[in-house]
Amino acid sequence: MKKNTVKEVSPFWLYVVLGTLLLAAFLGSVSVGALKFSLWDALCHPSSGFSFILWDIRLPRALLGLLVGATLGLAGAAMQGFLRNPLAEPGILGVTGGAALGAVAVFYTGLISIFPMMLPIGGILGAFVSVILLYLFAGALAGIQTLILAGVAINVIAFAGTSLMLNLVKDPYAVLDIVFWQMGSLADRSFEHVFLILPFVLAGWCMLLWDGRALEALSLGEETALSLGISLGSLRTRIVLGAALCVGASVAVCGSIGFVGLIVPHLLRPLVGYRPGRLLGASALGGAVLILCSDIAVRMVPSLMELKLGVVTSLLGAPFFLFLIFRLRKKIL
Amino acid sequence: MKLIETEKLDVSLDGMTILNDVSFWIGKGEVVGLVGPNGAGKSTVLKALIGALLPDKGTIRIFGKPVREVSRRTLARKLGYLPQENEVHWPLTVERVVAFGRIPYLMPWEGLKGADQKIIRDAMRATDTFHLRHRRIDHLAGGEKALVMIARLLAGEPEIILADEPVQGLDPAHSIQVMEFLAGIAENGRSVLVVLHDLALASRFCSRVLLLHEGKIAASGSPEEVFSSENLRSSYHIEAKYGNGDDFYVLPWKRI
C-alpha cells in the first residue's frame, strides 16, 4: 500500500542528532591520523610535537572538512530546490568545472611553484568566470532549462580546457599533481587555506540560507511563487552567486568531491517532510558529517597510499545512484 | 469600487501580440468569468495581472494605484493566484501546502505564528480539507487537490482571487463545489476573476462575463448579454441551447 502521510521529524531533534553527529565526527577527525596520541596530551603540552600536529595539521583539515562538507550539502539542497530536480548537484550550473579549470591552469602555468596559494585563488577566479559565462550564455531572465543547458555547456568547455592542459603539459609530475588534485582531498591543508576560503564560504552560505522560504514557494511553480511575492530574478542571482562563492571556494581548495551534494539532501529530505527550505540547514550539517566521516575513513583504510577523499565519496555515491535508479524503476512498474 | 482596472493593455510574447487593447475592471464582491476559445489570451490576462508578464502598453491599477507603484509583497497580499496546473514539486503534506499561503506575510527568517496557524486551520476547515492535513498532496484525488489549492488561496487572505481554470479535469459535483466556494468568497466582500471553459458554469456562477477573442475583449456584461447566439457564433463557432426560466444557462450544442 502507498504511504499516504508524511512524518516529519521535529526540527529540534533533527538538529540535535545532526549536531551531535557533527561534533563526534569533528572530534574523530582531529583524533585520527598516522600518529596515535590522545587529544588530552596534545592540549596539555602545547610545545610538544603532538600539539603541533593537532593545531597545525589535523585542526585545519577538520575545519576544512566541515566547511566543504556543509557547503556541498547546502548547495546541493539549494540547487535541488531551485531547479526542482532531485538529481541536481552543486556543480550542475558549471561552477565546479570552472573552479577546477582555474586551479588546473595554475598547475599548468607553473604559478603554483612560485606561489602555492595561487591554486585556490585560481579556482575561485575560475568559479567566477563560470558564473559570468552562465549569464552570458543563458541571459539574465533565463528559465530553468536554459540555465541547466548553459551549465552543461560550461562544464563541457571546462572539461575540454582541463583535458587540453593535461594533454599539453610537459612535466609528467605536473600531470600526476593535476590528476591527484582533481580527485579531491583534505590532506596537507593549513589554516591559510581555511582563512582564504572562509569569507567566500560564509557569504555563499548566507545567500543560500536566506532563500529557504523562496524555495518553498517555488515548489508550487514559478508563477505561483511570483504571486506569493517572491522575486524570481533576485532568487536566481542569490542561488547562482551563493553556490559559486561557496562551492567555487571549496573546489578551489579541496578539488572535486562528488556525490555529497546529491546524496545528503536525498537522505534527509523525508526527515524534513520534503520541505526544500528546511532541507537547507539539515543538509549543511549532514554534508559536514559525511565529509568528516569519509575523511576519517580515508585515513583509517589500510593502503599503500592514502586514498583520495573524492574517490571515497564516489565509491559511496555510485551504489546510492544505482539504488535511486532501482527505486525509480520500481515506482514506474 | 474598482479593485482591478486595466486600460488599453497590450501584451506580446516573442514578438507575437497576445493581448490587444484590453480594458476591463472588477468591482468588489463580483465573480467575473473570463471566457474565450483556446489561445484567446485568457491565461495571459491573469499572468499580466500578477506581474509574470509585463505589458508593452497600457496600465493595470490595483485599488486605484498603478501596479508598478505597488510593492511585490503588498501585491502578493492583495492578489491570490491559482494557476492552471496545480503543480506541487515535492510530496508535501496538505497542511504544508496550505501554509504556503502565508508566505507574503512572513520575513525570510520568521516562522509561522499562532495567528498564522489559526488562519491555516480555518482555511482547511472552510474548504473541508482539514481531515486531509497530514496526507501527501501527490496522493490526493483531483477534486481534493483542487480544494486544497483553494484553501492555500484562502490562507493568504487575498482581496482579489485570480483563478485559471480551477475546475479543469473535475467531475460535475467537484466543479460545482469549487465554483460554490469561489462564489462564497465573493459574497464575503472579495472579488474573483475566474477563467472558465465551461459556459454552463460561467452562466450559472458569474455575475459578469468577459469574452476574449483573439486577444481582444469581444463582449462584456451579464451572462445573458455575452452568451448571445451571435457572440458564440463569431467567437466559438458554435450554436448553443438556452435555458430561460428563473435561471439563465447556456448549453453548447453544435459546431458550425
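Model, not experiment: these values are computed from the prediction. (Residues numbered from 1 in each chain as written. Chains lettered and ligands numbered in written order. Predicted model: local features only at pLDDT ≥ 70, side-chain atom pairs only at ≥ 80, totals over all residues. Heavy atoms only, no water.)

**Q** I'd like a description of the packing of helix α6 (residues 118-138) of chain A against helix α7 (residues 144-168) of chain A, backed by residues and values.
**A** All names here are of chain A. Where α6 contacts α7, the axes come no closer than 9 Å and their chain directions differ by 130°. The orientation of α6 with respect to α7, classified from their angle, is oblique. Of the two elements, α6 crosses α7, and the hand of that crossing is right-handed. Of the residues in α7, those in contact with Ser130, Leu133, Leu134, Phe137 and Ala138 of α6 are Thr146, Leu147, Ala150, Gly151, Ala153, Ile154 and Ile157. (Axes fitted to C-alpha atoms, helices over the stretch in contact; angles between N-to-C directions. Helix = DSSP H or I, 4+ residues; strand = E, 2+ residues; numbered from the N terminus. Parallel < 35°, antiparallel > 145°, perpendicular 65-115°, else oblique. Left-handed = near helix turned anticlockwise from the far one by under 90°. Contact = heavy atoms within 4.5 Å.)

**Q** Describe the pattern of salt bridges, and please don't skip the residues or the numbers.
**A** Residue and element names in this part refer to chain B. Counted under the stated rule, the structure contains 19 salt bridges over all chains. One salt bridge connects lysine 113 with glutamate 110, and the closest N-O pair in it is separated by 3.3 Å. Taken together, the shared-partner salt bridges connect Lys2, Glu5, Glu7 and Arg61 into one network. (Salt bridge = Lys/Arg side-chain N within 4 Å of Asp/Glu carboxyl O.)

**Q** How would you summarise the confidence of the model for chain B if you had to cite specific residues and measurements?
**A** Across chain B, the average pLDDT comes to 93, with 100% of residues at 70 or higher. Considering each helix and strand of chain B separately, the mean pLDDT is smallest for strand β11 (residues 238-244) of chain B, with a value of 89, and largest for strand β3 (residues 31-35) of chain B, with 97. (pLDDT = per-residue confidence, 0-100.)

**Q** Go over the sheet that holds strand β6 (residues 79-82) of chain B with me, naming the residues and quoting the values.
**A** All names here are of chain B. Taken in spatial order, the six strands of this open sheet run β6-β7-β8-β3-β9-β10, and their pairing is mixed. Of all strands in the sheet, those bounded by a partner on one side alone are β6 and β10 (216-221). Averaged over all pairs of adjacent strands, the angle between strand axes in this sheet comes to 15°, irrespective of strand direction. Bridge count between β6 and strand β7 (residues 160-164): four bridges; the pairing is parallel. Across the sheet, the residue bridging to leucine 79 is isoleucine 160, located in β7. (Pairing = 2+ DSSP bridges.)

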